[in-house]
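Overview (structure and organization)
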Amino acid sequence: MESQVLVHPDELSEDWIKQAKENRIDVIGIHPVGGYRACMSLKDLLEKFNDHKFTALIDYALTNNVKIEYEMHAATYLMPRELFDAHPEYFRIDETGKRNNDKNFCVSNAEALSIVSKSAVELASKLYKSTDRYYFWMDDVKNKRCLCDNCKELSMSDQQMIYVNAILKQIQKSNPNAKMAYLAYFDCIEPPKKIKPINGVFFEYAPMEKYTLNLEDQLRTGVDETLNIPKLFSMFSKRNSKVLEYWLDNSMYSGWKKPEKKFVPDEVMIREDIDKYHKLGFEYISSFASYLGPEYMRLHGKPDISPFYNSINSYKEK
Ligand SMILES: [Zn+2]
């Protein structure tokens, strides 16, 4: 079983790397902030690769056997919104029947897919010393699929699957070992029905709405994980199957607003969840762990994330 914590680019620190090494956390994921700022924060991350201090930290992680991955919402970055004037057909048709460049794009437009795949190849080549696992999620929104004649019968999950398959196929031309995540999140929490994943796709289960919706709304909007997880496993391979949890997401517990609140892990929930995910067959267990970086340490000292690695390590020993 592999483990990972996900931090914001400016939170990567020697302390984090030491903590990962000492506690057998295999991977640190670097996650540019999502939400409406996702495209800008992805561009900022790419800028950071010119900063020697940042790449030196990544080298330091690798020499300590801590791997580095990059996970981000990327659809807007890969399909530049400025193309709308010349090529509205690249963009989605919204609920009012109009082309709209607000989020995502039309996955049935071959040219649009080709532009997106080419920029994805370029983006993959820029990610400093990444593993072969890529995470170029679609935009961080719900209910923003394309409703054109060719797309309207495709759920958001199917639309994401077309996108992931197309870009992975291009990346595999230069890196046959490349793998890519299908993000089971928001309206993609159920697997695709019409489009099958190509070789190298794995699924990443990110049940955010378990935390942000009450139970009634969860059931109404189909967030029932006792149903969804088996469905996901019937469509995707077990290999690399991943959970992306929120147990250590101090940005969420701080209301996505600085200053960081003091973090207290919910030990029982973490242990029970990891136990459950392990039984279900997940191979890779991860949690957002932002707002626990150097600024947090100055305010509150070293955060306690021991319930996370202790639970996972107990399975590694078996
Ligand atoms: Zn479309």
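Before reading on, note that the structure itself is shown above.
A brief structural summary. (Residues numbered from 1 in each chain as written. Predicted model: local features only at pLDDT ≥ 70, side-chain atom pairs only at ≥ 80, totals over all residues. Heavy atoms only, no water.)

1. Side note on the coordination of the zinc ion
Only Cys106 (SG), Cys146 (SG), Cys148 (SG) and Cys151 (SG) from the protein coordinate the zinc ion, and they sit 2.3 to 2.4 Å from it. Around the zinc ion, the four donor atoms are arranged such that angles at the metal cover 102 to 115°; this shape is classified as tetrahedral. All donors of the zinc ion belong to a single chain; written as a sequence motif, their spacing is C-x39-C-x1-C-x2-C. With cysteine 106 in the loop between strand 5 (99-100) and helix 5 (110-126) and cysteine 151 in the loop between strand 6 (133-137) and helix 6 (156-174), this pair connects stretches of sequence that are 45 residues apart. Comparing cysteine 106 with cysteine 151, the two get one shared label, buried. (Donors = N, O, S within 2.8 Å, 3.2 Å for Na, K, Ca; no water. Tetrahedral: all angles 85-135°; square planar, octahedral: opposite > 155°, others 65-115°. Helix = DSSP H or I, 4+ residues; strand = E, 2+ residues; numbered from the N terminus. Buried < 20%, exposed > 50% of the residue type's maximum accessible area, 1.4 Å probe, protein only.)

2. Section: the packing of aromatic side chains
Under the defined criterion, the tally for this structure stands at 21 aromatic pairs. When the ring of phenylalanine 84 is compared with that of phenylalanine 91, the centres are 5.4 Å apart and the planes differ by 75°; the resulting orientation is edge-to-face. For phenylalanine 91, a relative accessible area of 0% puts it in the buried group. Measuring from centroid to centroid gives 5.6 Å for tyrosine 211 and tyrosine 246, while their planes differ by 50°, and the two rings are tilted. (Phe/Tyr/Trp six-rings, centres within 6.5 Å; stacked < 30°, edge-to-face > 60°.)

3. Some words on the sheet that holds strand 9 (residues 242-245)
The strand order 1-2-3-6-7-8-9-10 describes a closed barrel built from eight strands, whose pairing is parallel. For this sheet the average axis-to-axis angle between neighbouring strands, irrespective of direction, equals 30°. Pairing between strand 8 (residues 201-205) and strand 9: two bridges, direction parallel. Counterpart to glutamate 204 in the pairing with strand 9 is lysine 242. (Pairing = 2+ DSSP bridges. Axes fitted to C-alpha atoms, helices over the stretch in contact; angles between N-to-C directions.)

4. Quick notes on helix 9 (residues 225-235)
All buried positions along helix 9 are accounted for by Glu225, Asn228, Ile229, Leu232, Phe233 and Met235. The buried residues of helix 9 all sit within an arc of 165° when viewed along its axis, so they share a single face. For helix 9, the exposed residues lying more than 90 degrees away from the buried face are Thr226, Leu227 and Ser234. Structurally, helix 9 contributes buried residues whose contacts are with strand 7 (179-184), strand 8, helix 7 (209-212) and helix 11 (267-280). (Arc of directions from axis to C-beta. Contact = heavy atoms within 4.5 Å.)

5. Considerations on the pattern of salt bridges
Tallied over the entire structure, the rule returns 26 salt bridges. Where lysine 144 meets aspartate 102, a salt bridge forms, and the shortest distance between an N and an O atom there is 3.1 Å. Of this pair, lysine 144 sits in the loop between strand 6 and helix 6 while aspartate 102 sits in the loop between strand 5 and helix 5, and the two are 42 residues apart along the sequence. A salt bridge links lysine 242 to glutamate 204, with the nearest nitrogen and oxygen atoms 3.5 Å apart. (Salt bridge = Lys/Arg side-chain N within 4 Å of Asp/Glu carboxyl O.)

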